[in-house]
Amino acid sequence: MIKIYGTKMGSAFRCHVLMIEMGIKYEEVKVDFEKGDQFKPEYLKLNPNGKIPCIVDGDFVLWESMAINKYIATKYNSELLGKTLEENALIDQWSYWAILEVQANLYAIAFQKFWVQEADRDEKAIKKAMDELPKVLKILDNQLEGKEYILGTRFTLADINVASCVMAADFAKYDYSAYKNVSNWIANLNKRPSFAQIPFPPKK
Ligand SMILES: N[C@@H](CCC(=O)N[C@@H](CS)C(=O)NCC(=O)O)C(=O)O
C-alpha cells in the first residue's frame, strides 16, 4: 500500500485529493513539523529536502507533489490523465505553471506577511508577488472562459494540481474573487467529494 508522508495540508493536499478522487486505499504518515520530524535523519533519507509530501510505494520513494500525482495517476491508469499525448502535455504545462507562477507567489506573500518578523519583512518580495499574481490569474481566468474545467468539459489531474495551487491564496489572505471564472471553478471543485472531504486550508 502506498504511504503518503504528510497530512492533508500544504503541498501534500493535492496528493490526498488525487488518492481520494481515484478511490485508492493508502496510508497517511504524519510528519510533525512541531517536533521537527521533517529534519530527522530517518525522514531526510526519504526526502533530503526535509519537506512534505513524499511517498513510499514498496521500494520506490518519490518526492515533489506534482511528480507524485503524475506517478500515481499513471500507475493506476487513471481517467484523470489526458487521452492523448497533447492532453498529457497540457496537464503538465498547467501543473508546472501553477506551482511556479501561482503557488510560489502566494507562498511568498504568506511567508513574508505571516511568518517573517515585521523587522525582517521583505516588502519588495511582497510587491513583486502582488504584481505577478494578477497577470497569472488572468491567464487562468481566460483559460476557464466558457469551460467547466481547465482542459474543457472533462475533469483532469490539471484541475486538482492547479486548484490546489490557487487555494494557497488562503494562506496569503489573497482575494481572487475578481477572477470570476477562477472563483466559480474553485467553488465547483469544492463540491466534489474529494475536495469536500478536505476543506482547505486543512487542519493538521
Ligand atoms: N515543491 C514541493 C514543495 C514542498 C513544500 O514546500 N512543503 C512544505 C509544506 S507546504 C514543507 O514541507 N515545509 C516544511 C518546512 O519548511 O520545514 C512539492 O510540491 O512537493
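Up top you'll find the structure we're talking about.
Residues numbered from 1 in each chain as written. Predicted model: local features only at pLDDT ≥ 70, side-chain atom pairs only at ≥ 80, totals over all residues. Heavy atoms only, no water.

Peer 1: It is not clear to me how the sheet that holds strand β2 (residues 27–29) should be interpreted in this structure. Could you clarify?
Peer 2: Neighbouring strands of a sheet are bound in pairs by backbone hydrogen bonds; such pairs are parallel or else antiparallel. Taken in spatial order, the four strands line up as β2-β1-β3-β4 in an open sheet, and their pairing is mixed. Edge positions in the open sheet fall to β2 and β4 (60–63), since each of these has one partner strand only. Within this sheet the neighbouring strands show an average axis-to-axis angle of 20°, counted without direction. Direction of pairing for strand β1 (residues 3–5) relative to β2: parallel, over a ladder of three bridges. Paired with I4 across the strands is E28, a residue of β2. (Pairing = 2+ DSSP bridges. Helix = DSSP H or I, 4+ residues; strand = E, 2+ residues; numbered from the N terminus. Axes fitted to C-alpha atoms, helices over the stretch in contact; angles between N-to-C directions.)

Peer 1: Mind showing me how you'd approach the packing of aromatic side chains here?
Peer 2: Two aromatic rings are characterised by how far apart their centres lie and by the angle between their planes. With the rule as written, the count across this model stands at seven aromatic pairs. Ring geometry for F60 against Y71: centres 4.9 Å apart, planes inclined by 40°, an arrangement best described as tilted. Placement of the pair is F60 in strand β4 and Y71 in helix α3 (residues 65–75), with a sequence separation of eleven residues. When its relative accessible area of 23% is taken as the criterion, Y71 is described as partly exposed. Of note, K173 hangs over the ring of F114, and the distance from its end group to the ring centre comes to 5.6 Å. Here the guanidinium or amino end of R192 rests over the ring plane of F155, the centre of that ring lying 3.5 Å away. (Phe/Tyr/Trp six-rings, centres within 6.5 Å; stacked < 30°, edge-to-face > 60°. Buried < 20%, exposed > 50% of the residue type's maximum accessible area, 1.4 Å probe, protein only. Lys NZ or Arg CZ within 6 Å of the ring centre and 35° of its normal.)

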